[in-house]
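# Structure at a glance
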2 protein chains.
Amino acid sequence: MLLKIENVGQYLRDAGIKPSIQRLKIFEILAKSYEHPTVENIYTQLSPEIPTLSKTTVYNTLKLFQKHGLVMVINIEDNETRYDADTSFHGHFKCNVCGKVSDFNIPNTQPLIESLKGSLITESHYYLKGICAKCRLRTDN
Amino acid sequence: MLLKIENVGQYLRDAGIKPSIQRLKIFEILAKSYEHPTVENIYTQLSPEIPTLSKTTVYNTLKLFQKHGLVMVINIEDNETRYDADTSFHGHFKCNVCGKVSDFNIPNTQPLIESLKGSLITESHYYLKGICAKCRLRTDN
DNA sequence: TTTCAGATTTGTAATGATTGCAAATTTATA
DNA sequence: TATAAATTTGCAATCATTACAAATCTGAAA
Ligand SMILES: [Mn+2]
Ligand SMILES: [Mn+2]
Ligand SMILES: [Zn+2]
Ligand SMILES: [Zn+2]
């Protein structure tokens, strides 16, 4: 989901991160779009604007954001790591035709799993895959 | 979960796969344990028994099993791909301390997601991460 | 049994994403 | 301005996976 953050610099500072130009721009891409971009996506989008940008910086910055709880990693596909600035619990659906990864709300609160009593849960991910409505209309599925 | 398959050879043949020694052994490791092994795990376990085994064969075989719907891929961690011969819908919990990936049942049936009406869902994964009860007792968490 | 084609396995090289690391650059402080 | 600390950068190294062609195996036909 689109995050409504009025001041990205302050948002980073509040999380204990000094907002450099690179960090600001990278975070903005994550927060101001629905796309769950990969490192490659982020790098390609920012390259024209910051021609000196290094892909290593994108990796480093995302690690930093992770450590401070500002982004979560989406492993819905094994050959692409995506990132999300919305760390609230929500599901992800990947269409195998157009490749888009979209959000969906999970209606009722998370069920308590009997067999996990006593464990500490720090992360939860709900992934669905298939073919989105739009692609189903355009193809024969 | 432990799959109860009386005749693995027949099980493979029914799925349209000729049961070679390698395929049999690889599938048995998947079906007769709870461990959700990686390629590396499978290769290491079988190497003594099949000294000529190639890691490529493990990769090829798992791809083949996937194509025939006999295994599912578990992407709970971005640096390790795990495999599961139990393709029924169930959740996976990874303990960040001992590293084990265990199964859990999902009580109520999958909720119908309003926003995904019209899409075709072919795969669902529910992943939890944290610290298992055993590890919490041994540590201070 | 021998022969031969097709299926399967193997070893090695190539690929591609991610990380390690040291130098270069930028920023903050005195 | 001078200096130290933080950040970014470029490139090499690592590691999982895939591509590919040669080697081996299997099963049917002769
Ligand atoms: Mn999301
Ligand atoms: Mn499982
Ligand atoms: Zn689609
Ligand atoms: Zn544990």
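Predicted model, so just to flag it, every value in this text is computed and none were measured. (Residues numbered from 1 in each chain as written. Chains lettered and ligands numbered in written order. Predicted model: local features only at pLDDT ≥ 70, side-chain atom pairs only at ≥ 80, totals over all residues. Heavy atoms only, no water.)

## Notes on the environment of N75 of chain A
To be explicit about the condition: In DSSP terms, a helix is any run of H or I states spanning at least four residues, a strand is any run of E spanning at least two, and both are numbered starting from the N terminus. In what follows, residue pairs with any heavy atoms lying within 4.5 Å of each other are defined as contacts.
Of note, N75 of chain A is situated in strand 1 (residues 72-77). Placed 17 residues apart in sequence, N75 of chain A and H92 of chain A show a C-alpha to C-alpha distance of 10.0 Å. The residues touching N75 of chain A, leaving out its near neighbours within four places in the chain, are T81 and Y127 of chain A together with N75, I76, E77 and D78 of chain B.

## Focus on the packing of helix 3 (residues 39-46) of chain A against helix 4 (residues 55-67) of chain A
All names here are of chain A. Definition in use: Axis definition: a line fitted to C-alpha atoms, over the contacting stretch in the case of helices. Angles run 0 to 180 degrees between N-to-C directions. An angle below 35 degrees is read as roughly parallel, one above 145 as roughly antiparallel, one from 65 to 115 as roughly perpendicular, and any other as oblique. In this scheme the crossing of two helices becomes right-handed for a clockwise turn of the near helix relative to the far one and left-handed for an anticlockwise turn of less than a right angle. Under the grouping applied here, Gly and all other residues not named as nonpolar or charged are polar, the nonpolar ones being Ala, Val, Leu, Ile, Met, Phe, Trp, Tyr, Cys and Pro and the charged ones Asp, Glu, Lys and Arg.
Their axes nearest at 10 Å, the elements helix 3 and helix 4 cross at an angle of 125°. Compared by their axis directions, helix 3 and helix 4 come out oblique. Remark: the crossing between helix 3 and helix 4 carries right-handed chirality. Of the residues in helix 4, those touching helix 3 at V39, E40, I42 and Y43 are K55, V58, Y59 and L62. Of the residues in the contact of helix 3 with helix 4, the class split is six nonpolar, no polar and two charged.

## Some thoughts on the protein's contact with DNA strand D
Defined as follows: Any residue with a heavy atom positioned within 4 Å of a molecule or strand is treated as near that molecule or strand. Any pair of N or O atoms that falls within 3.5 Å is considered a polar contact. Within protein, one atom must be able to donate a hydrogen and the other to accept it, and sequence-neighbouring residues count only if both atoms are side-chain atoms.
Around DNA strand D there are 14 residues in total, and S20 and T57 of chain A together with Y59, K63 and T81 of chain B lie nearest to it. In DNA strand D, the atoms that sit within 4 Å of the protein are 80% sugar and phosphate, with bases accounting for the remainder. Between Q22 of chain A and DNA strand D, the recorded distance is 3.1 Å, taken from a side-chain N or O atom to a sugar or linking oxygen. Measuring from a base nitrogen of DNA strand D, one finds a side-chain N or O atom of T56 of chain A at 3.0 Å. Looking at the surface near DNA strand D, the elements that each hand over two or more residues are helix 2 (21-31) and helix 4 of chain A together with helix 4 (55-67) of chain B.

## Focus: the domain arrangement of chain A
All names here are of chain A. Going by this rule: Domain borders in the structure are assigned automatically or taken from a domain database. Buried area is a sum: the accessible area each of two parts loses on coming together, probed at 1.4 Å, counted once for each and added. Should a side-chain nitrogen of Lys or Arg be within 4 Å of a carboxyl oxygen of Asp or Glu, the pair is scored as a salt bridge.
Segmentation of chain A into domains returns domain 1 (8-84) and domain 2 (91-138). Taken over C-alpha atoms, the centre of domain 1 sits 22 Å from the centre of domain 2. Domain 1 puts eleven residues into the contact, and the matching count from domain 2 is twelve residues. Of the roughly 890 Å² buried between domain 1 and domain 2, counting both surfaces, carbon and sulfur atoms make up 54%. By the criterion of area lost to domain 2, the three top residues of domain 1 are H36, I76 and E77, representing 52% of everything that side buries. Remark: the boundary between domain 1 and domain 2 carries three salt bridges. Note that E77 is salt-bridged to K129, the shortest N-O span being 3.5 Å. Inspection of the domain 1/domain 2 interface yields nine residue pairs in polar contact (both at pLDDT 80 or more). In terms of residue count, the dominant contributor to the side of domain 1 that touches domain 2 is strand 1 (six residues). Class assignment for the residues of the side of domain 1 that touches domain 2 results in five nonpolar, two polar and four charged.

## Quick word on helix 3 (residues 39-46) of chain B
Residues and elements named next belong to chain B. The cut-off we apply is this: When accessible area is computed with a 1.4 Å probe and restricted to protein chains, residues below 20% of their type maximum are described as buried, those above 50% as exposed, and intermediate ones as partly exposed. As used here, the arc is the angular range of directions from the helix axis to the C-beta atoms.
Taken residue by residue, helix 3 has V39, I42 and L46 as its buried positions. Down the axis, helix 3 shows its buried residues gathered within 70° of arc, on one side only. Buried-residue contacts for helix 3 involve helix 2 (21-31), helix 4 and strand 2 (80-84).

## Quick notes on the relation of the copies chain A and chain B
The criterion, for reference: Copy-to-copy alignment: least squares on C-alpha atoms, limited to residues at pLDDT 70 or above in both.
Turning chain A through 180° and shifting it by 0.0 Å along the axis lays it on chain B, with an RMSD of 0.0 Å. Read as a symmetry element, the transformation amounts to a two-fold axis. No C-alpha of chain A lies nearer the rotation axis than that of Y126 of chain A, which sits 2.3 Å from it. Most of the interface of chain A is mirrored in chain B: 100% of its interface residues are interface residues there too.

## Things to note about the coordination of the manganese ion (ligand 2)
Note on metal sites: the ideal angle is 109.5 degrees for four tetrahedral donors, and 90 or 180 degrees for six octahedral donors. All names here are of chain B. Under the convention used in this document: As a rule, N, O and S atoms within 2.8 Å of a metal are its donors, except that Na, K and Ca use 3.2 Å; water is not among the atoms, so sites may look incomplete.
At the metal site, the manganese ion (ligand 2) is ligated by H36 (NE2), D84 (OD), H90 (NE2), H92 (NE2) and D103 (OD), and these contacts range over 2.0 to 2.3 Å. Here the donor residues of the manganese ion (ligand 2) share one chain and are spaced in sequence as H-x47-D-x5-H-x1-H-x10-D. With a gap of eleven residues between them, H92 in strand 3 (residues 91-95) and D103 in strand 4 (residues 101-104) connect regions that are remote in the sequence. D103 shares its class with H92; the two are buried.

## So, helix 4 of chain A
Residue and element names in this part refer to chain A. The test is simple: Expected helix span is computed as 1.5 Å times (number of residues minus one).
Along its 13 residues, helix 4 runs 19 Å from first to last C-alpha, staying within 8% of the 18 Å computed at 1.5 Å per residue. Of the positions making up helix 4, those classed as buried are V58, T61, L62, L64 and F65. Along helix 4, the residues classed as buried sweep out an arc of 160° about the axis, all on the same side. Every exposed residue of helix 4 that faces more than 90 degrees away from the buried side is listed here: K63 and K67. Contact partners of the buried residues in helix 4: helix 1 (8-14), helix 2, helix 3 and strand 2 (80-84). With a side-chain oxygen lying 3.1 Å from the backbone nitrogen of T56, the N-terminal cap of helix 4 falls on S54. Trailing helix 4 by a residue or two, G69 shows a phi angle of about 75°, which is positive.

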